[in-house]
Amino acid sequence: MASPASPALFDQFARGWRGYVLIALIALTSGLMGAMRVPVTDIDEARFAQATRQMIETDDYIRIRVQDAERNRKPVGIYWLQAASVNALHPLVERLNTIWPYRLPSALGLVLASLATLWAGTVLFGARTGFVGAAIFAVGLLAGVEGMLAKTDAVMTGFSALAFAALVQLRAGTTRPRIVALVFWTGAGCAFMIKGPLTLIAATLTLTVLWFWERRAAWMKPLAFWPGPLLALAITLPWLIAIGIVTDGRFYSDLLLREVGPKLVAGGDHRHGGIIGYHLLWLPLLIFPATYALPAAARLSWSAIRAPRNDEASAGFRILLAWAGSIFLFFELLPSKLIHYTLPAYPAIALMCAAGLFAMRGKRWRTAHPAGLVLFGVFGALIVVLMAFVSTYMPGDLADAGMRRAIATGLIGALALGAAIVGLILLRRPTARAAVLVVCALVFSFSLRERLLPEARSLWVSTEAAAAMTRARLMPREDERFWIVGYEQPSLVFLTRTWVKLVEIENVADTPIHAGDGMIIEGRVFEQAQAALRTRGLEFEPAEQPARGMAIGRGEYMTLNIGRARAIASGAPAGAQQQNP
C-alpha cells in the first residue's frame, strides 16, 4: 500500500526520525499559539482548570470538584495530567490561577495525535503523504484551538489516534503484531481515562465496518492477545474502584442517572442539539487548511467505495473511511452535538486529504483543483471575517477606532489568504502546496490567538473584573468572604479564589453577607440585589468602575459591579450607590 522509496531529499528527510521531530515541532507550535496570552475561557476550560486547581489545593486527587459541586461523572485522567503539569512548573509559576500550565497537556495531546497520524500515514501511503497529512492536521483550525485549551478533546484525540494508528499497522501487516496490539490497548485505556469509552466504541464500530466490508478478520486476531485487555484494565480499574469507594457508590449512580440515562432516554442535552449532518456541515471550516484537498479526498474515497473488496490498492482508504465514518456516524446520530466531538476523526480525514493532494498531480481531474480553491477561499474568508470581528472587541470606540481595526485586520487577512491562493495556483508540486497550506494556517493562528484574542479585552469580562479587583485591592484573601451575585461563570472563580461564593439573585436575602464583605453584582440583577441587601440593613458600595464585556460562556454582553457591602448609615436614605447601564 505504501508508495515506493524515492531518493528525493524531502523523502529522505520525511522518512526518518527527522520527520517525526519536525511534525512534533509543527504541532507544538500550533497548540501553544495563544496558550500563554489568551485568558481562561468559559465554560468548559475554566471548569476543568478550576477542578484541577482544587485537587492541588486539597491534595485530593480522586474526587473532582468545582467549588462545592462534585463533577465525578467525568474521568479523572485530564485532571491528573494538568495537575502534573502545574506541579512540574510550580517553580516557574507561583500562582495557581495562571492558566497556561493547565493548557500544556492539551498541546502535548495534539503532538501525540500528529505523530500517530504520521505513523499511520507512512505505512498506508508512504513517508511523504504521511508527513503532509500529519502537518495539515496539526495546523488545522479545530485541532489547533483544542490544542490550546485546557480541556479533554486534544488529549483524548492523541490517545485515540494512537489506538487507531495501531489498527492501521495491524491491517497493513506489521512484523510485531502483539506489540502493536499492546499499543492499541494502551491508547484505548488512556483515552478511557480522559473521556470514557468513546475510543473503544469507535474502534469497535470501525472493526465491524471493516469486517463487513472486506470479509476478512484474520489481521484483527492480535487484539485478542490477553495481556492487551489486561493492560487496559490495569490503566482504568484502579481509579474506577477508588472513585466508587470515596464517593460511596455515588459515582456510578450519578453516571447512570445524570449522564448516560438522560442521553439515552431524553435524547441528550437539548441545549446542544442539532440536525443530522451538523458535524459534516462544519467540517470544511474546522479542518482548514486541508479544506483545499477535500474534493480530491472525496473522489479517492468514492473510488475506494466502488472498488472490489479484495482490491489492496484501496485498502488504505477503506480503513481511513471506516475510522472517520464510524466517529462521524456515531456523533451525527447522537442528539447532543458540539463541533469538537468529531475531532478524533480528523487525523484520518487529513490523511485522505494528503493522498488527494498527491493524486491531483498524477490524475487528469478537471474539477478537484478549482473546487478546492473555491472551498479554500470561501472558508478562509470566513476566518478572515472572524478575525476582523474579534478586532472590534479591542479597546476603543466601535464606530471609529474599532471599525478601522476591523478593516485593517480584514485587509491583512485577505492579503495572506490571497497569497496562499496564488501559491496553490502557481505551484504544482504537492509538497509545495502543502507548505503553502501549513504556512497560511500558522499565519491565521498567530494573528487570531497571539495578537487579536489576547488584546480583545471586551471579550473577557471575568479578566476585566479580576483586573479591577486588583486595582481596588479587593482581591479575596483567605480571611475574607467574597460574594458574586448573578454571575456564574467559573472563569472568575479560577482567576480569584476557590472559596469565593456564587450566589443566585433569589438567595441574596438568605445569604450571610456582612458589612465589609467583598462583592461583585451582575448588572441586570443590580437593583434586585440592592433591594435584598437593604432588607438586612446593608447596601452595595462601589470601589471601582464596573467591568464591562462579553461573557463567552453565555454569549452575552454584561456589566460586573465591583465593591463591598456596607451597613446603611443610621437615618440616611437607602439610595442606590451605583447606576447600572
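An account of the accompanying structure is given in this report. Just so it is clear, the structure is predicted and the values come from calculations on it, not from any experiment.

Each value, and the rule that gives it
Residues numbered from 1 in each chain as written. Predicted model: local features only at pLDDT ≥ 70, side-chain atom pairs only at ≥ 80, totals over all residues. Heavy atoms only, no water. Helix = DSSP H or I, 4+ residues; strand = E, 2+ residues; numbered from the N terminus. Rg over C-alpha atoms; globule rule 2.2 N^0.38 Å. Buried < 20%, exposed > 50% of the residue type's maximum accessible area, 1.4 Å probe, protein only. Contact = heavy atoms within 4.5 Å. Areas by Shrake-Rupley, 256 points an atom, 1.4 Å probe, with all protein chains shown as cover. Lys, Arg positive; Asp, Glu negative; His and termini not counted. Charge placed at Lys NZ, Arg CZ, Asp CG, Glu CD. Core = buried A, V, L, I, M, F, W, Y, C linked by side-chain atoms within 4.5 Å. Patch = residues over 30% accessible without salt bridge, like charges linked within 9 Å, V, L, I, M, F, W, Y side chains within 5 Å. Salt bridge = Lys/Arg side-chain N within 4 Å of Asp/Glu carboxyl O.

1. Quick word on the overall build of the chain
Part 1 of the argument: Secondary structure assignment for the chain yields 22 helices and eight strands.
Part 2 of the argument: Relative to the compact-globule value of 25 Å for 581 residues, the chain shows a C-alpha radius of gyration of 26 Å, a close match.
Part 3 of the argument: Considering only C-alpha atoms, the chain reaches an extent of 90 × 60 × 45 Å along its principal axes.
Part 4 of the argument: Looking at the chain residue by residue over its 581 residues, the buried ones come to 54%.
Part 5 of the argument: Relative to all contacts within the chain whose residues are 6 or more apart in sequence, the contacts with residues 24 or more apart total 75%.
Part 6 of the argument: Within the structure as shown, the chain displays about 25,500 Å² of accessible surface, and the carbon and sulfur contribution to it stands at 64%.
Part 7 of the argument: Taking the average location of the 55 positive side-chain charges in the chain and that of its 39 negative ones, the two points are 14 Å from each other.

2. Things to note about helix H20 (residues 461-471)
Part 1 of the argument: Within the span of H20, buried status applies to Val461, Ser462, Glu464, Ala465, Ala466, Ala468 and Met469.
Part 2 of the argument: Lining the buried residues of H20 we find strand E3 (482-485), helix H21 (490-495), strand E5 (518-522), strand E7 (547-551) and strand E8 (556-567).

3. Regarding the nonpolar core
Part 1 of the argument: Counting 116 residues, the largest nonpolar core has Leu223, Leu320, Tyr346, Ile349 and Phe376 as the members making the most contacts within it.
Part 2 of the argument: By residue number, the principal contributor to this core is helix H16 (residues 346-362), which donates 13 residues.
Part 3 of the argument: Apart from the residues lying within four places of it in its own chain, the contact partners of tyrosine 346 are Phe137, Leu142, Leu283, Leu286, Ile287 and Phe328.
Part 4 of the argument: One finds Ile78, Val155, Ile194 and Ile243 within the second-largest nonpolar core, a separate group that totals 19 residues.

4. Re a nonpolar patch on the surface
Part 1 of the argument: Together, Trp226, Leu230, Leu233, Leu237, Ile241 and Ile245 make up an exposed nonpolar region whose accessible area comes to about 640 Å².
Part 2 of the argument: On the secondary structure map, isoleucine 245 appears in helix H11 (residues 227-246).

5. Thoughts on the pattern of salt bridges
Part 1 of the argument: Applying the stated criterion across every chain, the model contains 20 salt bridges.
Part 2 of the argument: Of the charged contacts, one joins glutamate 57 and arginine 53 as a salt bridge, the two residues approaching to 3.1 Å between their closest N and O atoms. Residue glutamate 57 and its partner arginine 53 are both found in helix H3 (residues 44-58); the two are separated by four residues, about one turn of the helix.
Part 3 of the argument: With a relative accessible area of 4%, arginine 53 lands in the buried category.
Part 4 of the argument: By sharing partners, the salt bridges in this structure join Arg171, Glu214, Arg216, Glu312 and Arg318 into a single network.

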